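# Descriptive structure summary
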Amino acid sequence: MQTGYILCFLIVPVFLEGCCVGNHRRKKTVLQQVTHRRYKAVKGEIFMIPCIESVNQHLTASTGEGKEGNEALSFVCGKKFTAEAKHTGNYTYSGSKLFISLQVVEPNSLRCYEPKESNEILYASAGGVISCPSLNCSDNADAIWFKGNEPVSEQRRAICQKKGQLHLCQVRYNDKGVYFCDRKIVEQGITWTFRRAVNVTVEPGPSSDPPRILSGINPEPVELGQSHILVCTVYFPFERPFSREVQWYMNYGGNMENMTLLPMEKQQKYEEYEVIRRAIIKVVKREHLNNTYTCVANNAFGSCRITIKLKEKIKEKWPSLVGYPIVSLLLVAGLGIVLHVKWLEVQLIYRSHFQHRKHDGDEKGFDVFLSYVWSPPSKLVEGVLTLSYQKGPDTDEEAHLSSMDLLSTEEGKASQGPLEVLLPRVLEDQWGYRLCLPERDMLPGGAYTNDVVLAIQRSQMLICLLSADYLSNSNAVFELESGVQALLQKTPLKVLLIWTSRASASLIQPEPPLPTLVQRALRVLPSLDWTAGKPATATSHFWRSLRKAMPDQRVKLVSLTQDR
């Protein structure tokens, strides 16, 4: 029994010395915090100053060639850079007494230097060996391996390090990267750490499989008279060196003819290459529909092929059914956006043209609420505005003829006079409409705003004589705004704007600025233009347009004494 135990203890260490041990013990490598560490690097190779625990990561030049460019030659430990001659010097870890000496040597100063030793290719899923560069020319074969700033011995891997070589029992794709091997050398009694870099590339393992072709649509639709491109997508298994050949052939009458090829496209995807080869038919003719077309792919281990035919594409006589819903959706969305932005204007246009017709004249007390402001020229008119409140003509024809008589007999005066004086005479005396004039029909001492709102609501129509003075008058603007508000509240009301020649200055921007509601209403409400001094034909056109815009049904005429 005792002999058995002794044999067991003797045998186990023999197995642990092997490379590929599944439960490989994690060996802890500690960087000793000595006050002075010396490194050698090869010019042109990747180098990295290791980090030390509990020490600041920044290093600054203190002596040597890097002293003059102190800031430019500062380093961060654990960050890779290409070693150059100017990096030779002493560097201090910030905030500590630890410093590092770095000496960059020329490659030709080494006893043996092979640039290819700085690159290593490993194959996935197989074992791999990474050798320290110039190992055969060194008296010391011991090396400590790092990947980045972490010692490889601390990785939970099945690995081992023998005679300056790093053995990976099973290579993985994430094993690619830059590895550093550190070897101790002694020169003139001074110990240096000679750090060399090896760039490791991991490739798929070699394969002995033939290529495979991705099949497409067969037959392919083409348009006669147009050019057409045939596409062949081939997947080649990974191999080194990479051997591949892809060709297109046209078959007709038992013959095969090489086709015009476009440049080949190649892209590596994990363990295989994707190769795309295109052939072009410059002009598709009807005889091309009777031929077949073959794509052939070859590598060192075999070949594969695919044959396709062509068919004439049926042109769509109608747009795609998918297009109708998309276009309809875009139209509805565009209309929705326009309505959202211009909804106020849309409401004003609709209600100013149609809403006023939905009421009976008996429900109103006035035909027209006339809103105006006395302009300076109107003060020169003879006397005060006096109106005769006689009963108007019984019919529209009589009213029209009577008004034309008034205008024709006083043509010279009427066209030159202010509209604030002329309009009430025509509307009330000649056409028989009942007007609400604020200066005449609104009792003084009352609540002005309430009286205006009530009077506008009791009127079939609101006529505003717009001028520069009007748009600068707060009371007049309030009357116009009240009419717009009544329209938005679905009050049966028609609003008509009459622009005078003196309103042009107000179109810029009156003082104080107009309310936003009024500004938007001025752009869409029905309007007429009046300019004093126009020829008789133009003046007659204004009155005819005004006559058409007036309410069709008048309110019942009641004597003013009764109404008051």
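In what follows, the accompanying structure is described.

Procedures and definitions
Residue positions within a chain follow its written sequence, with the count starting from 1. Confidence filtering applies because this is a predicted model: local features only for residues at pLDDT of at least 70, side-chain atom pairs given and counted only at 80 or more, and all residues used for totals across whole chains, interfaces and linings. The basis for every side-chain value is the complete set of non-hydrogen atoms in the structure, without hydrogens or water. We define a nonpolar core as any set of buried Ala, Val, Leu, Ile, Met, Phe, Trp, Tyr and Cys residues linked to one another through side-chain atoms lying within 4.5 Å. Burial here depends on accessible area, computed with a 1.4 Å probe over protein chains only, as a share of the maximum for the residue type. Under 20% is buried, over 50% is exposed, and the range in between is partly exposed. Starting at the N terminus, helices and strands are each numbered in turn, a helix being any DSSP run of H or I of at least four residues and a strand any DSSP run of E of at least two. Whether two residues touch is decided by their heavy atoms; if any such pair falls within 4.5 Å, the residues are in contact. Only Phe, Tyr and Trp rings take part, Trp by its six-membered ring, and two of them pair if their centres are within 6.5 Å. Stacked means planes under 30 degrees apart, edge-to-face means over 60, and tilted covers everything else. Here, a charge over a ring means that NZ of Lys or CZ of Arg falls within 6 Å of the ring centre while also lying within 35 degrees of the ring normal. We call two strands paired when DSSP finds no fewer than two bridges between them. Inter-axis angles, ranging from 0 to 180 degrees, are taken between N-to-C directions of lines fitted to C-alpha atoms, where helices are fitted over the stretch in contact. Contacts described as polar in this section are N or O atom pairs within 3.5 Å, which, within protein, must combine one atom able to donate a hydrogen with one able to accept it, while residues neighboring in sequence count only if both atoms come from side chains. Throughout, a disulfide means two cysteine sulfur atoms within 2.5 Å of one another. Take the number of residues in a helix, subtract one, and multiply by 1.5 Å to get its expected span.

Turning to the nonpolar core, a few remarks are in order. Ranked by internal contacts, the top residues of the largest apolar core, which has 31 residues, are L466, Y470, L480, L497, L522 and L525. Listed by contribution, the elements that provide at least two residues to this core are β25 (366-371), α8 (448-457), β27 (459-466), α9 (468-471), α10 (474-488), β28 (494-499) and α11 (516-524). Sorting elements by how many residues they give to this core places α10 first, with six residues. When neighbours within four sequence positions are excluded, L522 is seen to be in contact with L466, L480, L497, W499 and L514. Counting residues in hydrophobic clusters, the runner-up holds 24 residues, among them M461, I463, L496 and W543.

Residues lying three or four places apart along an α-helix face the same way, a consequence of the helix completing one turn every 3.6 residues. Burial within helix α6 (residues 419-430) is extensive, with eleven of its twelve residues counted as buried. Among the residues of α6, L419, E420, V421, L422, L423, P424, V426, L427, E428, D429 and Q430 are the ones counted as buried. In the segment just after α6, G432 is the residue with positive phi, at about 80°.

Before going further, it helps to spend a moment on the packing of aromatic side chains. The relation between two aromatic rings is expressed through the spacing of the ring centres and the mutual angle of the planes. All chains considered together, the criterion is met by nine aromatic pairs. Here Y448 and F478 contribute two aromatic rings whose centre-to-centre distance is 6.3 Å and whose plane-to-plane angle is 40°, an arrangement assigned as tilted. Within this pair, whereas Y448 is found in helix α8, its partner F478 is found in helix α10, the two being separated by 30 residues in sequence. By relative accessible area, Y448 is classed as partly exposed at 30%. A centroid spacing of 5.2 Å and a plane angle of 75° characterise the contact between F542 and W543, whose relative ring orientation is edge-to-face. In this pair, the class of F542 matches that of W543, namely buried. Ring pairing ties together the aromatic residues W431, W530, F542 and W543, which thus form one cluster. In this structure, K40 is placed above the aromatic ring of W192, and the distance from its NZ or CZ to the ring centre is 4.6 Å. Above the plane of the ring of Y433 lies R554, whose end atom (NZ or CZ) is 4.7 Å from the centre.

Ordered by their spatial adjacency, five strands build an open sheet running β26-β25-β27-β28-β29, and the pairing between neighbours is parallel. Here the strands that pair on one side only, and so sit at the sheet edges, are β26 (435-436) and β29 (527-529). As judged from the three bridges shared by β28 and β29, these two strands associate in the parallel manner. Following the sheet pairing, W499 is matched in β29 by D529. Along the sheet, α6 contacts β25, β26, β27 and β28; its crossing angle with β27, the most-contacted strand, is approximately 155°.

With that settled, the discussion passes to the side chain of S134. Within the fold, S134 resides in the loop between β9 (128-131) and β10 (144-147). Judged by relative accessible area, S134 falls into the buried class, the value being 8%. Here R196 takes part through its side chain, which lies 3.1 Å from a polar atom of the side chain of S134. Dropping the residues within four chain positions of it, S134 is found in contact with C112, Y113, E117, R183 and R196.

Spatially, five strands are ordered β17-β24-β23-β19-β20 in an open sheet, and the strand pairing comes out mixed. Lying at the two open borders of the sheet, with one neighbouring strand each, are β17 (220-222) and β20 (255-258). Neighbour to neighbour, the strand axes of the sheet diverge by 35° on average, direction disregarded. Where strand β19 (residues 245-252) meets β20, four bridges bridge the pair, whose relative direction is antiparallel. What sits directly across from N251, in β20, is M256.

With respect to the element layout, I217 can be found in the loop between β16 (212-214) and β17. On the accessibility criterion, I217 (60% relative accessible area) is exposed.

Inspection of every chain in the model, using the stated rule, returns three disulfides. Across the disulfide, C51 is cross-linked to C77 (sulfur-sulfur distance 2.1 Å). Residues C51 and C77 are joined through a disulfide that is right-handed, its torsion about the S-S bond being 105°. Of this pair, C51 sits in the loop between β2 (46-47) and β3 (58-64) while C77 sits in the loop between β4 (75-76) and β5 (81-82), and the two are 26 residues apart along the sequence. For C51, a relative accessible area of 18% translates into the label buried. Judged by its relative accessible area of 6%, C77 falls in the buried class. What pairs with C232 in a disulfide is C295, and their sulfur atoms sit 2.0 Å apart. Judged by the torsion about the S-S bond (-85°), the C232/C295 disulfide is left-handed.

Between the first and last C-alpha of α10 there are 21 Å, a value that for 15 residues agrees with the 21 Å anticipated at 1.5 Å per step. Turning to α10, its buried residues number three or more, namely A476, V477, E479, L480, S482, G483, V484, A486 and L487. Its side-chain oxygen 2.9 Å from the backbone nitrogen of N475, N473 forms the N-cap of α10. Within two residues after α10, K490 carries a phi angle of roughly 65°, on the positive side.

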